Each structure stands twice: as structure tokens, then as C-alpha cells.
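Chain by chain, the residues:
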Amino acid sequence: MSKMTEHPFGFTLPIPTGVPSHYDNHLKRSLSALEGIFQDEPARTARLSRGDAMVYEVYEIAGPQLAGELLMGVTVIHPGKVGREFYMTKGHFHSVRETAEVYFCLKGEGMMVMETLEGETAVEPLTPGRVLYVAPCWGHRSVCTSRQDDLVMFFAYPGNAGHDYETVAKRGFRKLVVDGKDGPEIIDNPHWNAS
Ligand code: M6P
Ligand code: ZN
């Protein structure tokens, strides 16, 4: 059983790189680890045949996974596409549904794609300085829509939230962000699956 954090602490978050002065884990998610996330699986494997590519990285400030605590970190999504879809995170619901999350965009351009299990959807822009509140019960995935810049976001969420990736793996998200004729376009996911 983890103990509550006993002392206040601080760290710096140099803008715009966002790499925290202190972090406990550095997660790296490359194309090879993202099977089934993008719609165009042949495009992913074709790209992989030329070598793996880093899609996003998460710098986690670890903490007790307890209600009342906050877990923080920074996510960096690199620019790139698989087929028409921009690089993005796997996306998840919180295992404890009644937990929210706050994001603060430090750099880049992107979108937060969100939905509830009841069928509501929301897509919010992410630009430097913008704060986004992901309300409890909303699944969320962030997408980097810039062709040249990383999307960098600070996040904080309750220690007991947990990550439910299974629901997203089964259903996908209802909305996709693709590279359109006049910039990023939000379209319906033709393979979205309610089961
Ligand atoms: C956010 C946070 C992290 C999460 C990261 C990557 O910034 O919610 O907890 O790990 O995004 O997203 P995912 O876990 O969906 O790949
Ligand atoms: Zn979350």
C-alpha cells in the first residue's frame, strides 16, 4: 500500500521544451508499439519497414496512486502521420471513471479528442497557453497536428484514476483527426465499434 506524499515539492518546466527538471519515468511510444491504434495499418507497417519512429514520449512525476494525490507529467507528441492520421496518443478512459484531468499546452498545435461511453463527443484545440479540463467519464486522446513542431502538454490527474486502455482498444474513438485539403479535419471513424 503506498503512503501519501509527506512533503511539498517543486520542479521547473522550461518552456517551450517542457522536459521537467525532475521526473521519475520516461515512457517512449514508437510506431512499433502502436499496433491497432491508427486506422491505416498497412501504412504503419510500410513505415516500419523503413525503421521504427518515435511517436510520443511521456515524462512522469511518479506519486502514490491514491485518491487525494495528483500525478503529473509532460507529454511530447512528435509531428508525423500514419496514412492521413496525425501522430497521437493511444488514448484512454480513467479506470475510476469519476476522475478528471487537466492539461496545459506549452508548445505546438494539436487537438484533444474526447468522448463519453454514452455517445457525446468533443474535440478541443490545443495551442500554447491553453488549459483544457477533461471532465470525469470522458475518454481522451491528444493529437499533434503540426507538420514541424512537437506538441508539448503538462498534465495532472488524480492518483487513483488508473488507465483503461481496453475500452479504447475495443471501440476506438468516434472521431479521427486527419490531414485534410485545408489543414486538420475532424471526421467520423468508419471503424468505430460500440461493442
Ligand atoms: C497524458 C496523461 C498520461 C498518459 C499520457 C499518454 O498526458 O494522461 O497519464 O500516459 O497522456 O497517453 P496514453 O496513456 O493514452 O498513451
Ligand atoms: Zn487521462
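See the structure printed just above.
Below: a short report on this structure. Since this is a predicted model, take the numbers as computed values, not measurements.

**Here's the deal with the site of ligand 1**
Piece 1. The environment of ligand 1 is made up of 13 residues, and the closest members are Tyr56, Thr75, Glu101, His163 and Tyr165.
Piece 2. With respect to ligand 1, the backbone of Gly91 contributes an N or O atom lying 2.9 Å from an oxygen atom.
Piece 3. Tyr165 places a side-chain nitrogen or oxygen 2.5 Å from an oxygen atom of ligand 1.
Piece 4. Burial of ligand 1 by the surrounding chains reaches 98%, relative to a free accessible area of 380 Å².
Piece 5. For the shell around ligand 1, the secondary-structure elements that each account for two or more residues are β2 (54-61), β7 (101-107) and β12 (151-158).
Piece 6. Of the residues assigned to the shell around ligand 1, the class counts are six nonpolar, five polar and two charged.

**Let's talk about the sheet that holds strand β9 (residues 121-126)**
Piece 1. With respect to topology, three strands assemble into an open sheet ordered β9-β8-β11, the strand pairing being antiparallel. At either margin of the open sheet sits one strand with a lone partner, and together these are β9 and β11 (139-144). Averaged over all neighbouring strand pairs, the angle between strand axes comes to 20°, with direction disregarded.
Piece 2. Relative to β11, strand β8 (residues 110-115) runs antiparallel, the two being bridged by six bridges. When the bridges of β11 are listed, Glu115 appears paired with Gly139.

**Some remarks on the coordination of the zinc ion (ligand 2)**
Piece 1. Bound to the zinc ion (ligand 2) are the protein donor atoms His92 (NE2), His94 (NE2), Glu101 (OE) and His140 (NE2), situated 2.0 to 2.2 Å from the metal.
Piece 2. Coordination geometry of the zinc ion (ligand 2): the four donor atoms subtend angles of 88 to 154° at the metal centre, consistent with an arrangement described as irregular.
Piece 3. Going along the chain, you hit the donors of the zinc ion (ligand 2) in the pattern H-x1-H-x6-E-x38-H. On the criterion of sequence distance, the pair formed by His92 in the loop between β5 (85-86) and β6 (93-94) and His140 in strand β11 is long-range, its members being 48 residues apart. Note on accessibility: His92 and His140 belong to one class, buried.

**As for the nonpolar core**
Generally speaking, soluble globular proteins have nonpolar side chains that are buried together.
Piece 1. One finds Phe38, Tyr87 and Met112 to be the most contacted residues of the largest nonpolar core, which totals 35 residues.
Piece 2. Listed by contribution, the elements that provide at least two residues to this core are β2, β3 (70-77), β7, β8, β10 (131-134), β11 and β12.
Piece 3. In this structure, Met112 is in contact with Tyr103, Ala122, Val123, Glu124, Leu126, Leu132, Val134, His140, Arg141, Ser142 and Met153, ignoring residues within four places of it in sequence.
Piece 4. With nine residues, the next largest nonpolar core counts Ile61, Met72, Val74 and Leu106 among its residues.

**Details of the environment of Leu31**
Piece 1. Inspection of the secondary structure assignment puts Leu31 in the loop between β1 (25-30) and α1 (41-48).
Piece 2. Separated by 145 residues in the primary sequence, Leu31 and Leu176 place their C-alpha atoms 18 Å from one another.
Piece 3. When residues no more than four places from it in sequence are discounted, the contact partners of Leu31 are Phe38, Arg44, Arg47, Leu48, Asp52, Ala53, Val55, Val82 and Tyr87.

**Let's talk about the side chain of Arg44**
Piece 1. Here Arg44 lies in helix α1.
Piece 2. For Arg44, a relative accessible area of 4% gives the class buried.
Piece 3. Within the local environment of Arg44, its side chain forms a polar contact with the side chain of Glu41, the two groups lying 2.7 Å apart.
Piece 4. What Arg44 contacts, discounting residues up to four positions off in sequence, is Leu31, Ser32, Leu34, Glu35 and Val82.

Reading guide: rules and limits
Residues numbered from 1 in each chain as written. Chains lettered and ligands numbered in written order. Predicted model: local features only at pLDDT ≥ 70, side-chain atom pairs only at ≥ 80, totals over all residues. Heavy atoms only, no water. Near = heavy atom within 4 Å. Polar contact = N/O pair within 3.5 Å; in protein donor to acceptor, adjacent residues only side chain to side chain. Areas by Shrake-Rupley, 256 points an atom, 1.4 Å probe, with all protein chains shown as cover. Helix = DSSP H or I, 4+ residues; strand = E, 2+ residues; numbered from the N terminus. Nonpolar A, V, L, I, M, F, W, Y, C, P; charged D, E, K, R; others polar. Pairing = 2+ DSSP bridges. Axes fitted to C-alpha atoms, helices over the stretch in contact; angles between N-to-C directions. Donors = N, O, S within 2.8 Å, 3.2 Å for Na, K, Ca; no water. Tetrahedral: all angles 85-135°; square planar, octahedral: opposite > 155°, others 65-115°. Buried < 20%, exposed > 50% of the residue type's maximum accessible area, 1.4 Å probe, protein only. Core = buried A, V, L, I, M, F, W, Y, C linked by side-chain atoms within 4.5 Å. Contact = heavy atoms within 4.5 Å.

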